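Below are the chains, spelled out letter by letter.
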Amino acid sequence: MQAPIDLDTQDIAQLACAYESRSPQEVLQWALERFGTRLALCTSFQVAGMVILDMAWRIDPTVRVFTIDTGRLPQETYELLDRVREQYHIEVEVYFPEAIQIESIVRQHGVNLFYQDIDLRMLCCHTRKVLPLRRVLEGLDAWVTGLRRDQTSTRAQTQKIEVDHEHSGLIKINPLANWTETQIWDYVRTYDVPTHPFYSQGYTSIGCAPCTRPTTDGEDSRAGRWWWENGAMKECGMHCSIESGNFEREYSASFNQNGEGI
Ligand code: SF4
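Residues numbered from 1 in each chain as written. Predicted model: local features only at pLDDT ≥ 70, side-chain atom pairs only at ≥ 80, totals over all residues. Heavy atoms only, no water.

Regarding the site of the ligand
The local shell around the ligand consists of Arg-72, Phe-114, Arg-121, Cys-124, Cys-125, Arg-128, Lys-129, Cys-208, Cys-211 and Trp-226. Of the residues assigned to the shell around the ligand, the class counts are six nonpolar, no polar and four charged. (Near = heavy atom within 4 Å. Nonpolar A, V, L, I, M, F, W, Y, C, P; charged D, E, K, R; others polar.)

Take a look at the structure:
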């Protein structure tokens, strides 16, 4: 992966300070002008991703948007994807996992391997999400996410502009880092942003169909993700690396050194 154009870690730290008190739209405006088509916005069609998409589209209707289709998404997510394409006239770039890798893990561990233990869940997330994401990012200098500091402790230090050390020093733009859930939904109402129908059914975070359930009052917003796990991070590895030792052994056992299924 190429290092981003003429910006070092110190430059990024200064930019993060300079833009900390600026609005999400100002952060996006800077990023879109700075990186052009070497920047793309990542969304899984959750509400923050939809807000970011709407904001970016109002600044530049040609903004690049991509999503990772894990192959296990709810039908309602695909319907929202189609609605976004129609409403915003955006050609959403959809990236898939490698079929040979999915075939390999399913052959060895079954289609619902994620319920068996945490390492197999991480293997599934790694194969269906993390590896396709790496493939997308190889062609970019910067990517935009809807990450917020108040979502989980693992996201509490998120900067609006930061170096993505998980992805070879790419620039990661998180314009909503200091926004609250109330601000997100206020924006949705103000601009009539389309949202996933699951929110009205009690979901507060939405991912793959077999790994997401609604939450109840008082639960953490990501409690419905991988709800059967005790003590594991509520992360899939796209935004922070997950290293357990056991998971890495599962990965090695499933793929050869070229990442191809065994
Ligand atoms: Fe697999 Fe579940 Fe992760 Fe989706 S969320 S990639 S189905 S483990």
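Regarding the environment of Gln-116
For Gln-116, the position within the fold is in the loop between helix H5 (99-109) and helix H6 (118-137). For Gln-116 and Gln-159, which are 43 residues apart along the polypeptide, the C-alpha to C-alpha distance reads 35 Å. Of the polar contacts made by the side chain of Gln-116, one reaches the backbone oxygen of His-109; its length is 2.7 Å. (Helix = DSSP H or I, 4+ residues; strand = E, 2+ residues; numbered from the N terminus. Polar contact = N/O pair within 3.5 Å; in protein donor to acceptor, adjacent residues only side chain to side chain.)

Let's talk about the packing of aromatic side chains
On inspection of all chains with the given rule, the structure shows twelve aromatic pairs. Residues Tyr-19 and Trp-30 carry aromatic rings whose centres are separated by 5.7 Å and whose planes lie at 40 degrees to one another, so their mutual orientation is tilted. Placement of Tyr-19 in helix H1 (residues 9-19) and of Trp-30 in helix H2 (residues 24-35) is noted, with a sequence separation of eleven residues between them. Taken individually, Tyr-19 and Trp-30 each receive the classification buried, so the pair is uniform in this respect. Among the aromatic residues, those joined into a cluster by ring pairs are Phe-114, Tyr-115, Trp-227 and Trp-228. The lysine or arginine in question, Arg-22, covers the ring of Tyr-19, its NZ or CZ lying 4.7 Å from the ring centre. We note Arg-121 situated over the ring of Trp-226; from NZ or CZ to the ring centre the distance is 4.0 Å. (Phe/Tyr/Trp six-rings, centres within 6.5 Å; stacked < 30°, edge-to-face > 60°. Buried < 20%, exposed > 50% of the residue type's maximum accessible area, 1.4 Å probe, protein only. Lys NZ or Arg CZ within 6 Å of the ring centre and 35° of its normal.)

Digging into the sheet that holds strand S5 (residues 161-164)
The six strands are arranged S3-S2-S1-S4-S6-S5 in an open sheet whose pairing can be described as mixed. Two strands close off the open sheet at either side, each with one partner strand: strand S3 (93-95) and S5. Adjacent strand axes in the sheet meet at a mean angle of 30 degrees when their direction is disregarded. The pairing of strand S1 (residues 39-42) with strand S4 (residues 142-144) spans three bridges and is parallel. Among the inter-strand pairings, Ala-40 is bridged to a residue of S4, identified as Trp-143. Against the sheet, H1 contacts S5 and strand S6 (170-173), and its axis sits at roughly 150 degrees relative to S5. Sheet strands in contact with H6 are strand S2 (65-68), S3, S4 and S6, and its direction is about 150 degrees off that of S2. (Pairing = 2+ DSSP bridges. Axes fitted to C-alpha atoms, helices over the stretch in contact; angles between N-to-C directions. Contact = heavy atoms within 4.5 Å.)

A closer look at the packing of helix H3 (residues 47-59) against helix H4 (residues 75-88)
The angle between the axes and the distance between the axes are what describe a pair of packed helices. Packing of H3 against H4 brings their axes to within 12 Å, and their N-to-C directions diverge by 15 degrees. Taken together, the axis directions place H3 and H4 in an arrangement best described as roughly parallel. Seen along the crossing, H3 lies across H4 with a hand that is right-handed. Only Leu-80, Val-84 and Tyr-88 of H4 make contact with H3, whose side of the interface consists of Met-50, Leu-53, Asp-54 and Trp-57. A breakdown of the residues in the contact of H3 with H4 according to their chemical character gives six nonpolar, no polar and one charged. (Parallel < 35°, antiparallel > 145°, perpendicular 65-115°, else oblique. Left-handed = near helix turned anticlockwise from the far one by under 90°.)

As for H1
Looking only at H1, the buried set comprises Ile-12, Leu-15, Ala-16 and Tyr-19. Viewed end-on, H1 has its buried residues packed into an arc of 105 degrees, placing them on one side of the element. Along H1, the residues that are exposed and aim more than 90 degrees away from the buried face are Gln-10 and Cys-17. Tucked into the core, H1 has its buried residues touching H2, S5 and S6. Its side-chain oxygen placed 3.1 Å from the backbone nitrogen of Gln-10, Asp-8 serves as the N-cap of H1. (Arc of directions from axis to C-beta.)

Notes on the nonpolar core
The biggest cluster of nonpolar side chains holds 45 residues, and the ones touching the most others in it are Ile-161 and Ile-173. When near neighbours in sequence (up to four residues on either side) are disregarded, Ile-161 contacts Ile-12, Leu-15, Ala-16, Tyr-19, Val-27, Trp-30, Ile-171, Lys-172 and Ile-173. One finds Cys-124, Val-136, Leu-137 and Cys-236 within the second-largest nonpolar core, a separate group that totals 23 residues. (Core = buried A, V, L, I, M, F, W, Y, C linked by side-chain atoms within 4.5 Å.)

Focus on the pairing of S6
Alternating positions in S6 separate into two faces, Leu-170 and Lys-172 on one and Ile-171 and Ile-173 on the other, with burial throughout. Pairing between S5 and S6: four bridges, direction antiparallel. Looking at the pairing, Val-163 lines up with Ile-171 of S6.

A look at the side chain of Glu-162
Summarising the element assignment, Glu-162 is placed in strand S5. Of the buried charged residues, Glu-162 lacks a salt bridge, with Lys-172 as the closest side chain of opposite charge at 4.6 Å. At 3.2 Å, the side chain of Glu-162 and the side chain of Asn-174 are in polar contact. (Lys, Arg positive; Asp, Glu negative; His and termini not counted. Salt bridge = Lys/Arg side-chain N within 4 Å of Asp/Glu carboxyl O.)

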